[in-house]
Amino acid sequence: MRGPTVYRTAGAIVLSLLSARGARGQAAPPEPRPVAEVRALIDAAGAGEVVRVPAGVYQGNLIVSKPVTLDGGAGAVFDGLGEGTVIEVRAEGVTIRGCTVRASGADVTSEPAGVRVLAGSATIESNIIEDTLFGVDLREAPDSVVRGNTITGKELEPGRRGDGVRLWWSHNCVIEGNTVRGVRDMVFWYSENLRLTRNTVTDSRYGLHFMYSHDTTLEDNRLSHNSVGVYLMYSHRISLIGNSMLNNRGASGYGVGLKDCDDIVIRRNALLANRVGVYVDNSPSSIGSSGLFESNTIAFNEIGLLATPNTHENVFTGNAFIENEEGAATHGRGRLASNAFARAGVGNYWSDYAGFDLDADGIGDLAHEPRSLFGAMLANEPNLRLFVHSPAQQAIEFTGRALPELRPESVLVDPSPLALPPTIGTAAAGPGADGVRMAVVAAVLLSMAGACVLGMGIERGLPAAKSGGRS
Amino acid sequence: MSTAHAHAGPDTFPAAPSLLGGIGRFALREFRDALASKWFLLYTIAFTVLAVGVSFLSLSGIGSHGFAGFGRTAAGLLNLIMLVVPLMALTAGAGSIAGERERGTLLYLLAQPVSRTQVLLGKYLGLAIALVCSLCIGFGVSAGMLAWRTGGVGVGSYAMLVGLTALLALAMLSVGVLISVTSRRTAVATGAALFAWLTLVFLSDLGLMAGSVLFKLRVQEIFGLASANPLQSFKMAVIVSMNASLDVLGPVGAYASHTLGGALPLVLTASLVTWATVPLAAAVVLFARRGSV
C-alpha cells in the first residue's frame, strides 16, 4: 500500500535518522588491503581447494584462473574502486561464495561487472554485489549456478544502467533465490534449458528478459515496480508458472510481454496492478504453434489483456480477470477473434460479466462479449484516459449501450464464462491492524458529526419554535 | 452562544455583536435550520446507503486478494461522490439566500444590527458544517463496515478521501451560494444550481473530450483545462493520494506526474481551494451591493 507522499517522506526521514545512528555505533572500518593478497592465496592453493579469504576490504581487480572455491565467509569485501570488472573468472569450476563485491567501473562501452564468468560450471552463491554496472555476467559459461545473491545496481538513470544478471550463450544454468534491485534487466541471451526460480526483481527496467532463449521454466519469481515484469522476445517453449508480477507500470508497463514467441505456457501466475497484465505481440508467430494461458489471476490492471490484432491461436482458460479497468483490448483496431477464450467448455471469470447462471453449473448461460464505447474511444485517443473514473465516462458507456448504432464490436467472445472466480484463495482473514485503525476512523468521523449535531443543533431550554424551516 | 439564549429566541439580536460573533450566530441558526429540514436527512441517508453499498462491493473484489488495487468498484466510490456531493452542496447553497428572499425573511435578517457580509458568511458556515456532518456520517458508517470486514482500503488514503470530499463540498457550496445571491426566487436558483451541476459533472468533461479530439489539444493543455474543473481536480487529487502518481490516467496523467512531481497534490488542492473561496468572495461583494433586492 502506498500512502500519500507526505507519509512516505516522513518515513524516509525517520529511516535515515535511524540508519545514521546505526552507522555512528559501528567500529571504524578496517584498513583496506591490496587484492594481490587474495591472488597470492589462490596461487598457493591447489586446484579444487577452498580458499578462505580473511575478513577485510581488498582493493583492485581480481582474476581467478584456477578452479578453486573462494569463500569470503561473509566478511571479505572486494572493492573495484570504480575501475573495470571487480572479479573475473577464467577457469572452469570456480565457486565464489559469501563475498561482498562492490564499485565496478561505470563505462557502459566496456561493460564492467561485479563478477564476470568466462568459463563453465561456475557457482556464484550468497554474495552481496552492489554499486556495479553489471552484477553477474555469464559469457559462454554453461552449467553454472547463480544462487542467493543480493544485487543492487549503480545509481544511474535507467538508460545507462547495466544488467543485474546477464547470461550470454550459457545453457543449462540455474538462477535461483536472487534479489535484484535498481538495474536494467535480468537478461538471458541465446541460453537454453535454464531453471529460474524464486528470484525477486524490483525497481528495474525488465524484471526477466529473454532474447532468443528457449526451453526454460520460470517458477515462483516475483517481479514488482519494474517497467515490465517478464518480457519474452523471440524465445520459444517457455513456461511461466506461479510467478507474481505486481505494479509494473513503466513506459511499457506489462506484467508479462510476449513478442514473437511460440508455444508459451503461462499458468497460475498473479498479474496485479500493472499497467497491462498480459501483452501479446504476434505470438505465436509460426504456423502450427500455440500459446496457453491457464488459471492466472489478472486483476486491478488498467488493461487485463492487450494484444496486437494479428495475435491468434492462443487459448485462455480458467483465468480470473478481476476489476481491470478494461478486461481485454486490442492494440489499435481489430478483434481477438482467432484466439479461443474457452477450452473444453471452460472459459474464464470476468468480474464485469453481465450474464447469469440459471442452471448453476458454474458456467454463465450467456457468452461474455464485452463492448465498451469508452474503451473503443481510448484505443484511438489515449489522452482521453484522463477521464476514467468520472461520471462522464459512465455517461459515454451508457450511450454506447442505449444507442445500437454507436455500440462498438466486442473485442472477444468467451462462450462459457465462469460464474465464480476459479483459483482465488481467501487471503483475507480476521480484522488486522488496518481494521482496528479503520474502526478508529469510523469512531472519529461519527463522533465529530454527533458532537456537532448534539452540541449545536439542539436548542436547549427554548421552545421548538423554529425560524422559517426550509424543506 | 449562551448570551443569545439568555436574552430571547434565536433570531433576535439584542446588541451589535462582533464580526465573528455575528457570523457565529447566523451559522448556528442556519445549522439548526438545516438539521430540521428534510434535505439534510434525505441527503445523509442517501449518501450513507450508497457509500456503504459501494464500499461493500469494492471489498468483495479487493479483500479476497489482500491486495489494494484501485479497481473498478473502488473507483465506484469516487464516481458516487462526484455525482452526489456536488448535487447536495450546490442545491443547499442555492436555497440559502434565495429562499429567505422569497419568503420575505431576508429583509428581517438584514434589519438586524449585523452586516450583510456577516449574514452571508454565517449562512455559508452553517451550511458547510451541516454538509460536513452529513459526509462524516456517510463516511463514518462505511468506515465502520470496512473495519468490520477487514479494511482493504488504506486508512491514510481513506482519511485523504474524506478530507478532499469535504473540500469539494465547500467548493460546490460556494458556487451554490453565489447562484443564490444572484437569484430572486428559489426555483430559479435551484434550476441554475442543477444546470451548474450538469455542466461541472458531465458537460465540461464531454466538451473537453470532444475538444481534445477535434483540436488535437496537447497534453499540457488538456491537463490545464481539466484541472480547472473542481471535480476533475478532486478526482486527480484522490488518485494521487492512493497511487502516489497519476500514471493510471494515461499520457495526460503521466505528463502531470512527471512535470509537477511533488507539487501535483498542491496544485490540485489549490484548484479546489480557489473554487471554495473565489465564488464566495464574489457572492459577498454582490450581496453587499444588491442586498435584499
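Keep in mind it's a predicted model, so treat the numbers as computed, not measured.

A. Layout of the pattern of salt bridges. Under the defined criterion, the tally for this structure stands at 36 salt bridges over all chains. Asp-260 of chain A is paired through a salt bridge with Lys-259 of chain A; the nearest N and O atoms lie 3.0 Å apart. Note on Lys-259 of chain A: relative accessible area 22%, which makes it partly exposed. The closest approach of N and O atoms between Glu-102 of chain B and Arg-185 of chain B, which form a salt bridge, is 3.8 Å. Here the residue Glu-102 of chain B occupies a position in helix 4 (residues 72-103), and Arg-185 of chain B occupies one in the loop between helix 7 (155-181) and helix 8 (186-214), the gap between them amounting to 83 residues. Classification of Glu-102 of chain B as partly exposed rests on a relative accessible area of 45%. The network of salt bridges with common partners includes Arg-52, Asp-71, Arg-97, Glu-125, Arg-147, Glu-176 and Arg-195 of chain A.

B. Quick peek at the nonpolar core. Counting residues in hydrophobic clusters, the biggest one holds 103 residues, and the most contacted among them are Ile-81, Phe-139, Tyr-158, Leu-173 and Phe-234 of chain B. Of all the elements, helix 7 of chain B adds the most residues to this core, at 15 residues. Non-local contacts of Ile-81 of chain B, meaning those with residues more than four positions away in its chain, are made with Phe-47, Pro-86, Phe-139, Leu-161, Thr-165, Leu-168 and Phe-234 of chain B. Counting residues in each nonpolar core, the second largest holds 72 residues, with Cys-99, Ala-122, Ala-141 and Leu-305 of chain A among its members.

C. Region of the structure containing the state of the cysteines. The final tally for this structure, using the stated rule, is zero disulfides over all chains. You can see Cys-133 of chain B has no disulfide; the closest cysteine sulfur is in Cys-452 of chain A, sitting 3.7 Å from it. Looking at Cys-133 of chain B, the relative accessible area reads 2%, which means it is buried.

D. A look at the environment of Phe-195 of chain B. You can see Phe-195 of chain B is positioned in helix 8. In the structure, Phe-195 of chain B is positioned 105 residues away from Leu-90 of chain B in sequence and 9.9 Å away in space, judged by C-alpha atoms.

E. Focus on the sheet that holds strand 35 (residues 326-330) of chain A. All names here are of chain A. The strand order 4-6-8-11-14-17-20-23-26-29-32-35 describes an open sheet built from twelve strands, whose pairing is parallel. Edge positions in the sheet fall to strand 4 (62-64) and strand 35, since each has one partner strand and no second. Within the sheet, the average angular offset between the axes of one strand and its neighbour, ignoring direction, is 10°.

F. Layout of the confidence of the model for chain A. Residue and element names in this part refer to chain A. Averaged over chain A, the pLDDT score is 87; the fraction of residues at 70 or greater is 88%. In this model, residues 20-25 is a region of pLDDT below 50 whose contacts with residues beyond four sequence positions or in other chains number zero contacts. Predicted confidence is poor over residues 424-431, with pLDDT under 50, and the contacts of this stretch with residues over four places away or in other chains come to 17 contacts.

G. Summary view of the packing of helix 9 (residues 219-228) of chain B against helix 12 (residues 264-290) of chain B. All names here are of chain B. The interhelical angle for the contact between helix 9 and helix 12, taken along N-to-C directions, is 40°, at an axis separation of 9 Å. Taken together, helix 9 and helix 12 sit at an angle that is classed as oblique. Counted together, Phe-223, Ser-227 and Ala-228 of helix 9 and Leu-264, Leu-268, Ser-271 and Trp-275 of helix 12 form the full contact between these two elements. Grouping the amino acids of the contact of helix 9 with helix 12 by side-chain chemistry returns five nonpolar, two polar and no charged.

H. Representation of the environment of Val-441 of chain A. Along the chain, the position of Val-441 of chain A falls in helix 5 (residues 433-457). Once residues lying within four places of it in the same chain are set aside, the contact partners of Val-441 of chain A are Ala-143, Val-155 and Tyr-158 of chain B.

Conventions used here
Residues numbered from 1 in each chain as written. Chains lettered and ligands numbered in written order. Predicted model: local features only at pLDDT ≥ 70, side-chain atom pairs only at ≥ 80, totals over all residues. Heavy atoms only, no water. Salt bridge = Lys/Arg side-chain N within 4 Å of Asp/Glu carboxyl O. Buried < 20%, exposed > 50% of the residue type's maximum accessible area, 1.4 Å probe, protein only. Helix = DSSP H or I, 4+ residues; strand = E, 2+ residues; numbered from the N terminus. Core = buried A, V, L, I, M, F, W, Y, C linked by side-chain atoms within 4.5 Å. Contact = heavy atoms within 4.5 Å. Disulfide = S-S within 2.5 Å. Pairing = 2+ DSSP bridges. Axes fitted to C-alpha atoms, helices over the stretch in contact; angles between N-to-C directions. pLDDT = per-residue confidence, 0-100. Parallel < 35°, antiparallel > 145°, perpendicular 65-115°, else oblique. Nonpolar A, V, L, I, M, F, W, Y, C, P; charged D, E, K, R; others polar.

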